[in-house]
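# Working through the structure, step by step
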Amino acid sequence: MTTNFYIPEDRAPLPPPHAEVITTACDYCVVACGYKVYRWPVGTGEGGMKANENAFGIDFPSYTLQQWVAPSQHNVAMHNGQPHHVVVVPDKDTTVVNKTGDSSMRGGLLAQKVYNPKTGTRDRLTAPLMRIGGTLQPVSWEMALEVAAELGKHTIKEHGANAYSVKTYSYQYIENTYAITKYALRHVNTASFTFHDTPSDVTSTPGFRDAGFDNFGPSYDDWGSADTLMICGTDPYETKTILFTQFIKPAVERGMKTVMLNPRETAGIAWMKKMGGLHLDVFPGTDNLVLGAILRVIVENDWQDKEWIDNWVNNKWESSSGFGQGTRNTPWQWRTTWGKFQTKGFEDYKKWLLARKEYDPKSAAKEAGIDVAKIYKAAEMMAKPKADGSRVKASIAIEKGFYWSNNTGNTNAISTLATVVGAGGRPGQVVGRLGGHQRGGQSGGKLPRNKSPEKVPGRRRRSLDTDRWLYSGHTRFAHVIGTTWIQAMCGSQQLAKKFTELTVNNPHQVWSYDKQEIIDTLKKRQDSGGMVVINQDIYLRDPIGARYADIVFPAATWGEEDFMRANGERRLRLYQKFNDAPGDAKPDWWIIANLAKRMGFEGFDWKSSNEVAEEAARFSRGSRKDFSMIKVAAHKEGKTLHQKMREFGTDGIQGPVFYNYDTKELVGTKRLHDTELRHDKKQLAKMGLENGPKGANVLKKELTGFKSQTGKVNLQKHPWELFSDFYDWLKPKGDELRFTNGRINEIWQSGFDDVERRAYVSQRWPENWVEIHPDDAKARGIESGDQVMMYSDRVAGFKDTILGIGGKDFQFSELMKNGHIELTKAAVTAVAIVTPAVKKGVLYANMIDMRQPSNALAARVVDNISGNYNYKMGVARIRKLGESKYKHEFRSFSFAPRNIV
């Protein structure tokens, strides 16, 4: 931990010529910029100012865009048990991603995350802990693993596999995610499994999946190749800085237009507006209406891409075969059977759209709180033919602010808009996610959906809602890995209350140091209806680790093990080990493997992270980041997979990766759904695919088509009424304001590296904060710097796990009528920032402040189709508590608006 008292350092050592150079990539946002680590033993000298005296080979002072070292890019770490200097700087030689060696504020501080007990990282977990007498105390790995395994076996035997809940990250490294999912899904075989950002193991973008789009089909170059780029639910400058500065900003300066759909005007949006961009500053949740209205203007003017639609949109018969996904026994079938989303093609969709009153531009604009002229302007920018009759090349990028506010409806609508304007997989005409975290997921098993007790009307089981399952008292063993389960979920204060009830308030608490007595006591807790919690993490997070965990496993992280991961354009790199993990911390794959063996599971005898990666390679076959052929090539050369990956350096290689058996070359894939690739004989020959796949190569239709049975796109309806009852119920009443949340540039995820451990960031954002429009603030007597409370007595939450029988059982209004929803209270304090950057009538707060999680104010009710939360939807009242110390003290916080250009 750190204080918010920041005194900047004024010097950093230059790496000497004898420094080792190791390649890695940034550990934070999805962009994953390339970095070099310079490492040399303490006491062996520092680099000098002349070119022959330092590892950079340049004279200092250096010139603009040349190499240099900031104090924040230097640290001292242990390597092979000896102290070493480490300098972590952007790779100036990389030819991709951060091509000029630039970095975001987050990436530029990577060296500060390296464990050093003299810094804010001093509280890293260094030994297994067990809660004895209410206090977490160090124990041996042997004891901690044996107790956990005995309790895991007892859970499965006495209460069933579904009583063993696993909540884990999806984004970490391939070696870890493969080991975890192999353990949880293939061996524990629990349906009570999900990732960090959703209560159920489901896709975050159901509309993309049903249309046939991959979330990460485009390359980064594609985001700067359009005539018009539409960005929904994010500001890439704030959240994906280098993607903005290296790809989007130069394109805007060349003339690319932008359309931004976002209720808040940030720095990036303000700059794009200055450059001629259009800002659709909608109320949260109204995106579907605005998109429908834009579509209506396009089809009424006959601006759709007719050639694209004729060639690449499924007709009735093509779509009817399992909604274009295969046989009729598919995860999609239960909803398409009712005709809610499926169309018979473009003319059928057009007829449906024009008959819907809610998509009339005037009606949509009024509900969204925007000028109707913006809808017509957006339609023109996206689809109106140019003066010479040629089409506008339009691309569409979405992110969490968009798809976590009417999850299914919004993603259906944006998929349809993309299809109508011809955005598929062509240069300058793409659709996809910009991304949040990096893409390190590799599944080692499949969710046993048939074991879920939740059944949607019709034929299909739906993925089990782990929050509702726990809240209903069915979870006996909660295995939490690298995520803040409580703060990250909706209705978080009620979830915390349930955790307290099931763990520390249960009468069966450990007071003995005897292993068998500990096991017996915790079994009694489980058998009495309580819950045991084990937690794997790098820090002791509150409350999941600090208050609730019975066993804590210390994890190793970035820089402490060789790991593989991909970024948002499927670019695979090896993140090399360059320093020792603190104390006895171990990588998650090692923890899982040793727990699994004690559980009696076979197939976990890995000796290194490379062995895990090589096993995982087989399961990557056919996926967007298929790296199986890298292993094939490596073995042909007598190398390991990790050794071969090391050769790619910071450039890496884009998945899926193909091996040309003739030239012995590995070739990556620039974009998915590349409908022009099938005609590019030169590139196909380079990939060794000119006559189809050879050897072990896997050629899936998504390479040159879309993820459907036919390889064409499914054009979808996007019915507003599936969401409108929840939206109408949630509208502000009395003096309530709409409440939403999101990221800001300086803070990554839950702030575990920055707010809590970097003095500068802690001083910049020392407390939770909320943005409020000047008119809303004035009406409530609130000024910037005031301490305020946001509170609500209308936090809706599921109170039980239900079995759907009728067609409307999961509709919010039906859940309310049938008594499945309870209304609870929540309160969150913050420091007010009065700014016109946020829309009038809307409050905007930090996504996850660990001390005051804003998700406490968001409804713990999932999208009735997808099973995802609509995190961005809430209401709250706000009142002044008094003045914070920051109001008149200018050492912390800044109350300047973020939309300054």
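Structure: see above.
Residues numbered from 1 in each chain as written. Predicted model: local features only at pLDDT ≥ 70, side-chain atom pairs only at ≥ 80, totals over all residues. Heavy atoms only, no water.

## Thoughts on the packing of aromatic side chains
Selection rule: Pairing of aromatic rings covers Phe, Tyr and the six-membered ring of Trp, with a centre-to-centre limit of 6.5 Å; geometry is then stacked below 30 degrees between planes, edge-to-face above 60, and tilted otherwise. Runs of E in the DSSP output that reach at least two residues are strands. Runs of H or I that reach at least four are helices, and both are numbered from the N terminus. Each residue is assigned to one of three classes by its accessible area relative to the maximum for its type, calculated with a 1.4 Å probe on protein chains only: buried under 20%, partly exposed between the two thresholds, exposed over 50%.
Per the counting criterion, the structure on display carries 43 aromatic pairs. Seen in terms of ring centroids, Tyr349 and Trp352 are 5.9 Å apart; in terms of plane orientation they differ by 35°. Their pairing is tilted. In this pair, Tyr349 and Trp352 are both assigned in helix α11 (residues 346–354), 3 residues apart and thus about one turn of the helix distant. Take Tyr349: its relative accessible area is 0%, and that puts it in the buried class. On the basis of an interplanar angle of 70° and a centroid distance of 5.3 Å, the ring pair of Phe604 and Trp606 is categorised as edge-to-face. Assessed through its relative accessible area of 0%, Phe604 is described here as buried. Linked through ring pairs, Trp720, Phe723, Phe726, Tyr727, Trp729 and Phe812 together constitute an aromatic cluster.

## Observations regarding helix α6 (residues 267–274)
Operational definition: By the convention used here, residues are in contact when the closest approach between their heavy atoms is within 4.5 Å.
Summarising burial for α6: 6 of the 8 residues are buried, a large majority. Every buried residue belonging to α6 is among Ala267, Gly268, Ile269, Ala270, Trp271 and Met272, and all of these are buried. In this structure, the buried side of α6 is in contact with β9 (228–232), α4 (236–239), α5 (241–254), β10 (257–261) and β11 (278–280).

## Comments concerning helix α12 (residues 361–368)
Spacing of three or four residues puts side chains on the same side of an α-helix, whose turn is 3.6 residues. Rules: Each direction from the helix axis to a C-beta atom contributes to the arc, which is the arc of those directions. Identification of polar contacts relies on pairs of N or O atoms within 3.5 Å, with a donor-acceptor requirement for protein atoms, meaning one able to donate a hydrogen and the other able to accept it, and with residues adjacent in sequence counted only if both atoms are side-chain atoms.
Residues Pro361, Ala364, Ala365 and Ala368 constitute the buried set of α12. In an axial view of α12, the angular spread of the buried residues amounts to 100°, which keeps them on one side of the axis. Across α12 from its buried face, at more than 90 degrees, point the exposed residues Lys362 and Lys366. Contacts from the buried residues of α12 go to α7 (287–300) and α13 (372–383). Where α12 starts, the residue carrying a side-chain oxygen 3.1 Å from the main-chain nitrogen of Lys362 turns out to be Asp360. Of the residues one or two after α12, Gly369 is the one with positive phi, at around 75°.

## What to know about the sheet that holds strand β23 (residues 737–742)
Basically, it comes down to this: Only strands that DSSP links by at least two bridges are regarded as paired with each other. To obtain each axis, a line is fitted to C-alpha atoms, and for helices this fit is confined to the stretch in contact; angles are then taken between N-to-C directions over 0 to 180 degrees.
Strands sit in the order β23-β27-β24-β26-β25-β28 around a closed barrel of 6 strands; the barrel is mixed. On average, each strand axis in the sheet is tilted by 45° relative to the strand beside it, whichever way the strands run. Note that strand β24 (residues 769–772) and strand β27 (residues 842–846) share 3 bridges and pair antiparallel. Paired with Glu771 across the strands is Tyr844, a residue of β27. Relative to strand β25 (residues 786–798), helix α26 (residues 721–730) is tilted by about 140°, and along the sheet it contacts β23, β25, β26 (821–834) and β28 (874–883).

## Here we look at the packing of α12 against α13
Condition: Crossings are classed by handedness, with left-handed meaning an anticlockwise turn of the near helix from the far one by less than a right angle and right-handed meaning a clockwise turn. Any residue outside Ala, Val, Leu, Ile, Met, Phe, Trp, Tyr, Cys, Pro, Asp, Glu, Lys and Arg is labelled polar, Gly included; the first ten of those are nonpolar and the last four are charged.
Where α12 meets α13, the axes come as close as 8 Å, and the angle between the chain directions of the two elements is 115°. By crossing handedness, the relation of α12 to α13 is classed as right-handed. Together, Pro361, Lys362, Ala364 and Ala365 of α12 and Val372, Ile375 and Tyr376 of α13 make up the contact between the two elements. Per-class residue counts for the contact of α12 with α13 are 6 nonpolar, no polar and 1 charged.

## Side note on the sheet that holds strand β19 (residues 571–575)
Pairing is antiparallel across the open sheet formed by 3 strands, whose spatial order is β18-β19-β20. Each having just a single partner strand, β18 (563–566) and β20 (653–654) make up the two edges of the open sheet. With 2 bridges connecting them, β19 and β20 associate as antiparallel partners. In the sheet register, Leu572 faces β20, and the bridge partner there is Ile653. Contacting β18 and β19, helix α2 (residues 174–188) crosses the sheet at an angle of about 95° to β18.

## Brief notes about unusual backbone geometry
Cis rather than trans, the peptide bond between Asp542 and Pro543 has omega equal to 10°. Checked against the element boundaries, Pro543 lands in the loop between β16 (532–537) and α20 (544–548). One non-glycine residue, Ala32, adopts positive backbone phi at about 60°. By the element assignment, Ala32 lies in the loop between β1 (20–25) and β2 (34–41). In this structure Ala32 comes out as buried when scored by relative accessible area, which is 1%. You will see that Val97, though not glycine, has its phi angle at about 60°, which is positive. Note that Val97 resides in the loop between β4 (82–90) and β5 (129–132).

## Quick look at the pairing of strand β17 (residues 551–554)
Of the two faces of β17, both are covered, the one formed by Ile551 and Phe553 as well as the one formed by Val552 and Pro554. When β5 meets β17, the two strands line up antiparallel, connected through 2 bridges. Looking across to β17, one finds that Met130 is bridged to Ile551. Where β16 meets β17, 4 bridges bridge the pair, whose relative direction is parallel. The partner of Asp537 across the bridge, within β17, is Pro554.

## Quick notes on the packing of α7 against helix α15 (residues 407–420)
Just so we agree on the cut-off: Roughly parallel means an angle under 35 degrees; roughly antiparallel, over 145; roughly perpendicular, 65 to 115; everything else is oblique.
Two numbers describe how α7 lies on α15: the axes approach to 9 Å, and their chain directions differ by 20°. Between α7 and α15, the crossing angle belongs to the class labelled roughly parallel. In this structure, the crossing between α7 and α15 has a hand that is left-handed. Each of Asp287, Asn288, Leu291, Ile294, Leu295 and Ile298 in α7 lies in contact with α15, whose residues at this interface are Gly409, Asn410, Ala413, Ile414, Thr416, Leu417 and Val420. Of the residues assigned to the contact of α7 with α15, the class counts are 8 nonpolar, 4 polar and 1 charged.

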